[in-house]
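Working through the structure, step by step
Okay, here's what each chain looks like letter by letter:
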Amino acid sequence: MSNILEIKDLVVSYGGIEAVKGIDLSIEEGKIVTLIGANGAGKSTTLKTIAGLVKPKNASILFEGQEILGKTPDQIVSMGITLVPEGRRVFPNLTVKENLRIGAYLRKDNLTEDMDYVYSLFPRLKEREWQLAGTLSGGEQQMLAVGRALMAKPKLIMMDEPSLGLAPLVVKGIFDIIRTINEAGITVLLIEQNANMALKTAHWGYVMETGRITMQGTGMELYENEQIKEAYLGKSK
């Protein structure tokens, strides 16, 4: 498989502070790739830069071989990249169905099949399709945020902390859905504080520390690495 996304020498500054310090990373088509690291390491900034929400100081970002740097967020979505943001960011005063339709705002084709697919992944959303998103539980709002991103028919879906603040049973369900989405042919780039679940799920992983990539390998290689265990998995020998 070829790489669907390639990032070269990504540098992002906020004022005089470099949040991302010249990283390289690539994502193979059809894989789940995770980016783990402490808060403030530059992970979310990396995702927002790919999505066109943050302008880098320097970079080359190729999606399916095409440079996307300088494109607007809606152009990037139309190319096949969607972002499930940290904190879910659903529209609280709109219904579940309206939130899902917003995910497809760039599309001109029939949405019925994709709406049915989202409801098959998340039957709870079907039950609540006329309910206001702001009245849903945290887990249901996360389902809605993922469903909304899927409505754009992405080739690459990026998820920023999908398990944040959710009960363990709900977290397991979210990761089951991530695997199901991936099995359907969608590439996944995942930022996740729950490094244990992320590394068990991902085909490949990167460790990011203070704006730099410090380690990479298969999910299981990183999961079994003693340094990773001590720093991120809360266990050592």
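Reference entry: report on the structure contained in this document. (Residues numbered from 1 in each chain as written. Predicted model: local features only at pLDDT ≥ 70, side-chain atom pairs only at ≥ 80, totals over all residues. Heavy atoms only, no water.)

1. Focus on the overall build of the protein
Put simply, the test is: A run of H or I in DSSP counts as a helix once it spans at least four residues, and a run of E counts as a strand once it spans at least two, with each numbered from the N terminus. All radius of gyration figures rest on C-alpha atoms, and the globule criterion is 2.2 Å times the number of residues raised to 0.38. Buried residues are those whose accessible area, probed at 1.4 Å on protein chains only, stays under 20% of the maximum for their type, while exposed residues exceed 50% and partly exposed ones sit between those limits. Between two residues, a contact is recorded if the distance between any of their heavy atoms is within 4.5 Å. Per-residue and other accessible areas follow the Shrake-Rupley method at a 1.4 Å probe size, with only the shown protein chains counted as cover for residues. Residues scored as charged are limited to Lys and Arg (positive) and Asp and Glu (negative), so that His and the chain ends carry no count. By convention, charge coordinates are those of NZ in Lys, CZ in Arg, CG in Asp, or CD in Glu.
Counting its secondary structure elements, the protein contains 10 helices and 10 strands. In summary, the protein has a C-alpha radius of gyration of 17 Å against a globular reference of 18 Å for 237 residues, a match within 12%. Expressed along its principal axes, the backbone C-alpha trace of the protein runs to roughly 45 × 45 × 35 Å. For the protein, the residues scored as buried account for 49% of the 237 residues in total. Residue pairs in contact within the protein that sit at least 24 positions apart in sequence constitute 66% of those at least 6 positions apart. Surface accessibility of the protein: about 11200 Å² in total, with carbon and sulfur atoms responsible for 50%. Positive and negative side-chain charges in the protein, numbering 27 and 28 respectively, have mean positions lying 3 Å apart.

2. Observations concerning the layout of surface pockets
The probe, sized like a water molecule, is rolled over the atoms to show the empty space still left. The line we're drawing: Each cavity reported here is a set of points on a 1 Å grid over the protein atoms alone in which a 1.4 Å probe fits but cannot get out, each pocket an open set with protein on both sides within 12 Å along at least five of seven lines, and each lining residue one with an atom within 4 Å of a point. Grid points are joined across faces, edges and corners, and a volume is the space filled by probe spheres set on the points. Each residue is assigned to one class: nonpolar for Ala, Val, Leu, Ile, Met, Phe, Trp, Tyr, Cys and Pro, charged for Asp, Glu, Lys and Arg, and polar for all the others, Gly among them.
Space inside the largest pocket adds up to approximately 590 Å³. Around the largest pocket sit 23 residues that line it, and Leu-53, Val-77, Leu-83, Pro-85 and Arg-148 are the ones nearest its centre. The element contributing the most residues to the lining of the largest pocket is helix 2 (residues 73-79), with four residues. For the lining of the largest pocket, the per-class residue count stands at 14 nonpolar, three polar and six charged.

3. Regarding the pattern of salt bridges
The condition is simple: When a carboxyl oxygen of Asp or Glu lies within 4 Å of a side-chain nitrogen of Lys or Arg, that pair is called a salt bridge.
Inspection of the entire model under this criterion finds nine salt bridges. As a salt-bridge pair, Glu-64 and Lys-155 come within 3.0 Å of each other at their nearest N and O atoms. Pair noted here: Glu-64 is in the loop between strand 4 (58-63) and strand 5 (66-67) and Lys-155 is in the loop between helix 6 (138-150) and strand 7 (156-160), with a separation of 91 residues, a long-range link. Among the residues examined, Glu-64 registers a relative accessible area of 42% and is labelled partly exposed. Judged by relative accessible area, which is 37%, Lys-155 ranks as partly exposed.

4. Quick look at the sheet that holds strand 10 (residues 212-218)
Stated formally: Should DSSP find at least two bridges between two strands, the strands are regarded as paired. For every element, the axis is a line fit to its C-alpha atoms; helices are fit only across the contacting stretch, and the angle between N-to-C directions ranges from 0 to 180 degrees.
Spatial ordering of the open sheet is given by 6-7-8-3-9-10, a layout of six strands whose pairing is mixed. Both outer strands of the open sheet, strand 6 (81-84) and strand 10, are each paired with one neighbouring strand and no more. Direction aside, the axes of adjacent strands within the sheet are offset by 15 degrees on average. Relative to strand 8 (residues 187-191), strand 3 (residues 32-36) runs parallel, the two being bridged by four bridges. Considered in strand 8, the bridge of Leu-35 is made with Ile-191. On the sheet, helix 7 (residues 168-183) packs against strand 3, strand 7 and strand 8 and is oriented at approximately 150 degrees with respect to strand 8.

5. A closer look at the side chain of Thr-95
The residue Thr-95 is located in the loop between strand 6 and helix 3 (96-103) in this model. Aside from chain neighbours lying at most four places away, what touches Thr-95 is Glu-129, Trp-130, Gln-131, Leu-132 and Ala-133.

6. Overview of the packing of helix 3 against helix 4 (residues 112-121)
Note the cut-off: Orientation labels follow simple angle bins: below 35 degrees gives roughly parallel, above 145 gives roughly antiparallel, 65 to 115 gives roughly perpendicular, and whatever is left gives oblique. Helix crossings get a hand from a simple test, with the near helix turned counterclockwise from the far one by less than a right angle marking a left-handed crossing and a clockwise turn marking a right-handed one.
Between helix 3 and helix 4, the least distance of the axes is 11 Å, while the angle of their chain directions is 125 degrees. Of the possible angle classes, the one that applies to helix 3 and helix 4 is oblique. At the point where helix 3 passes helix 4, the crossing takes the right-handed sense. Contacts from Lys-97, Leu-100 and Arg-101 in helix 3 reach Met-115, Val-118 and Tyr-119 in helix 4.

7. Observations concerning the sheet that holds strand 5
Strand order in the open sheet formed by four strands is 2-1-4-5, with antiparallel pairing between adjacent strands. In this open sheet, the two edge strands, each paired with only one partner strand, are strand 2 (17-28) and strand 5. Seen against the sheet, helix 1 (residues 43-50) touches strand 1 (3-14), strand 2 and strand 4 and runs at an angle of roughly 115 degrees to strand 1.

8. Some remarks on the pairing of strand 9 (residues 204-209)
Two elements, strand 3 and strand 9, share four bridges in a ladder whose sense is parallel. Its bridge partner lying in strand 9, Val-33 is registered against Trp-204. Relative to strand 10, strand 9 runs antiparallel, the two sharing six bridges. Across the sheet, Trp-204 pairs through a bridge with Thr-218, a residue of strand 10.

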